[in-house]
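Structural description and commentary
Take a look at the letters that make up each chain.
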Amino acid sequence: MSIKENLNKIQQELSEKVTLVAVSKTKPNEDIFEAYNAGQRIFGENKVQEMTSKWEALPKDIEWHMIGHVQRNKVKYMAPFVSLIHGVDTLKLLKEIEKQAKKNDRVIPCLLQMHIAKEETKFGMDEDELREVLTSEAFQQMEHVKVVGLMGMATFTDDEERVKGEFEYLKNLYDTIKSDYPKTERLDVNILSMGMSGDYKLAMECGSTMVRIGSSIFGARN
Ligand SMILES: *Cc1c(COP(=O)(O)O)cnc(C)c1O
């Protein structure tokens, strides 16, 4: 099936309340343009440099989401244009985003990445660390970042019950944070980013509001 057909099929499966991020990492500009021509405007990348060169080359009404792990020294390259950073997992990184957003006279929306998988290699905070960030003095003073929700990646496994348990944990945490912390200028929790090609249907059932789908749209990556 073509990129356009894949996109249409997935769009039909998604509930109206769920936002689709088309994950275009490693894929050429022609593929992104094909998805763009089919109406897709939100694309996700996991490398700052690759995202920046795609941003330069492609239509300016595309919203670019950084979904990968971010090194602090790379924030400055995407600060002028990034629409949402999904993988914020330390206060240090949030401070750097604040600094670079300020230089660009912008407010950059961010998601805090939670560690929900069992694997050691995955990034993310636990609940205590999340609460520490949200109550920190440094965060209270920020004026150029806005925490708009949480993001998580489930364990890569065929064990559906396990994945479901991880998604349910994240949804619960999302609901708790939403009710525990009042809405402010820099905190407005309304996005729950969870679900990829292999598990987005389950993620939606568990309350996801944003899915990040790559291979089911663009085909397998090398
Ligand atoms: C690559 C990636 C995706 C998309 O993965 P697919 O299985 O190709 O849909 C989603 N989220 C993150 C964080 C990724 O790095």
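Residues numbered from 1 in each chain as written. Predicted model: local features only at pLDDT ≥ 70, side-chain atom pairs only at ≥ 80, totals over all residues. Heavy atoms only, no water.

So, on to the environment of Ser136. You can see Ser136 is positioned in the loop between α6 (127-135) and α7 (137-141). On a C-alpha basis, the gap between Ser136 and Leu91 in space is 8.8 Å, while along the polypeptide they are 45 residues apart. Only 2.8 Å separates the side chain of Ser136 from the backbone oxygen of Val133, close enough to count as a polar contact. (Helix = DSSP H or I, 4+ residues; strand = E, 2+ residues; numbered from the N terminus. Polar contact = N/O pair within 3.5 Å; in protein donor to acceptor, adjacent residues only side chain to side chain.)

Time to look at the packing of aromatic side chains. For the structure shown, the criterion picks out 3 aromatic pairs. On the numbers, 5.7 Å between centres and 10 degrees between planes, the contact of Phe33 with Tyr36 is stacked. You can see Phe33 and its partner Tyr36 sitting in helix α2 (residues 29-37), 3 residues apart, about one turn around the helix. The class of Phe33 is partly exposed, set by a relative accessible area of 37%. A relative accessible area of 12% means that Tyr36 is categorised as buried. An angle of 40 degrees between the planes, with centres 5.9 Å apart, marks the rings of Phe43 and Trp64 as tilted. Within this pair, whereas Phe43 is found in strand β2 (residues 42-45), its partner Trp64 is found in strand β3 (residues 63-66), the two being separated by 21 residues in sequence. (Phe/Tyr/Trp six-rings, centres within 6.5 Å; stacked < 30°, edge-to-face > 60°. Buried < 20%, exposed > 50% of the residue type's maximum accessible area, 1.4 Å probe, protein only.)

Of the two faces of strand β8 (residues 210-213), both are covered, the one formed by Met210 and Arg212 as well as the one formed by Val211 and Ile213. With 4 bridges connecting them, strand β1 (residues 19-23) and β8 associate as parallel partners. Of the residues in β8, the one forming a bridge with Thr19 is Met210. (Pairing = 2+ DSSP bridges.)

Any two side chains of opposite charge can pair, on the condition that their charged atoms come close. A full pass over the atoms with the stated rule returns 12 salt bridges. A salt bridge links Lys171 to Asp175; the nearest nitrogen and oxygen atoms lie 2.8 Å apart. Taken together, the residues Lys171 and Asp175, both in helix α8 (residues 160-180) and 4 residues apart, mark about one turn of the helix. (Salt bridge = Lys/Arg side-chain N within 4 Å of Asp/Glu carboxyl O.)

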